[in-house]
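Summary of the model geometry
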Amino acid sequence: AFELADLMSPTRRPRQDLRVPSHSDEGLQMCQQCSAVPCRQSCPTWKDLRVAMLCIGNQKYEHMDHLPNATRDASALQECVDKLPGCRAETRQDLQSRKDFKDCIRTFLLREGLRASPPELVLITYSGHGMQQHGTVYLLSGDSDPNDQKCDPQSDFFPLRDLLRFCRKDLDEQASLKMRKKVIFV
């Protein structure tokens, strides 16, 4: 059995029973309700949740070391969360561009079920390369090259502040109609 605490253990070893997915959605779990990968925007399983979670795992990078455990960790988190009553998670893997990050996060936050009945807690996890420059934290997509002389982090990487801005924009209005909601990025 796999426990959430195992992910945080400093002696954690890669799970051999989880398949390493490709760049496409082939390695992702098919939704049991709507039979889509990833789950459809209108899927009813995203309504009336206590916790909604997006697990992003970036393993493959063109210009940096690959991170073989990143997608496994994201999938393992999804498995654990999906087993809990009132909780639902989705995994996205190997986002290759800043636009992929934006589209992935916005698609998740704009799900019909999440907007119709906002969960008490929204979690977004990221396992992959990141960096900080001039006080801004960036998530690095598969095509990122921080060593390129022409690289401009503000336009080439995904800033964490954009994730927070999307959460405020997409969730605050709906949450204010019900009760105070929390968004956590790990």
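Being a predicted model, the structure only gives us computed values, none of them experimental. (Residues numbered from 1 in each chain as written. Predicted model: local features only at pLDDT ≥ 70, side-chain atom pairs only at ≥ 80, totals over all residues. Heavy atoms only, no water.)

1. A word on the nonpolar core
One finds Trp46, Ile56, Phe101, Ile105, Phe108 and Leu109 to be the most contacted residues of the largest nonpolar core, which totals 33 residues. Membership of the second largest hydrophobic core comes to 9 residues, among which are Val51, Ala74, Cys87 and Ala89. (Core = buried A, V, L, I, M, F, W, Y, C linked by side-chain atoms within 4.5 Å. Buried < 20%, exposed > 50% of the residue type's maximum accessible area, 1.4 Å probe, protein only.)

2. Digging into the sheet that holds strand β5 (residues 136-139)
Note on sheets: strands pair through backbone hydrogen bonds, and any given pair is parallel or antiparallel. The 3 strands lie next to each other as β4-β5-β6, forming an open sheet whose pairing is antiparallel. With partners counted over all chains shown, the strands left at the sheet margins are β4 (130-133) and β6 (158-159), one partner each. Direction of pairing for β4 relative to β5: antiparallel, over a ladder of 4 bridges. From the neighbouring strand, Gln132 faces β5, where its bridge partner is Val137. (Pairing = 2+ DSSP bridges. Helix = DSSP H or I, 4+ residues; strand = E, 2+ residues; numbered from the N terminus.)

3. Here we look at helix α2 (residues 70-82)
With 13 residues, α2 should reach 18 Å at 1.5 Å per residue; the first-to-last C-alpha distance of 19 Å fits that figure. For α2, the tally of buried residues reaches 11 of 13 residues, placing the bulk of the element in the interior. Regarding α2, the residues found buried are Ala70, Thr71, Arg72, Asp73, Ala74, Ser75, Ala76, Leu77, Gln78, Cys80 and Val81. (Expected span 1.5 Å × (residues − 1).)

4. Notes on the confidence of the model for the chain
With 77% of its residues at a pLDDT of 70 or more, the chain has an overall mean of 79. Highest mean pLDDT in the chain belongs to strand β1 (residues 51-57) (95); lowest belongs to helix α1 (residues 4-8) (41). (pLDDT = per-residue confidence, 0-100.)

5. A short note on the pattern of salt bridges
The full count for this structure, using the stated rule, is 5 salt bridges. Here Arg111 ties to Glu90 by a salt bridge, and the two come within 2.5 Å at their closest N and O atoms. In this pair, Arg111 is assigned in the loop between α3 (98-109) and α4 (112-116) and Glu90 in strand β2 (residues 87-93), connecting sequence segments 21 residues apart. Comparing Arg111 with Glu90 shows no difference in burial state: the two are buried. Between Asp103 and Lys99 there is a salt bridge, and its shortest N-O distance comes to 2.5 Å. Separated by 4 residues within a single helix, Asp103 and Lys99 lie in helix α3, roughly one turn from each other. Here Asp103 falls in the partly exposed class, since its relative accessible area comes to 31%. (Salt bridge = Lys/Arg side-chain N within 4 Å of Asp/Glu carboxyl O.)

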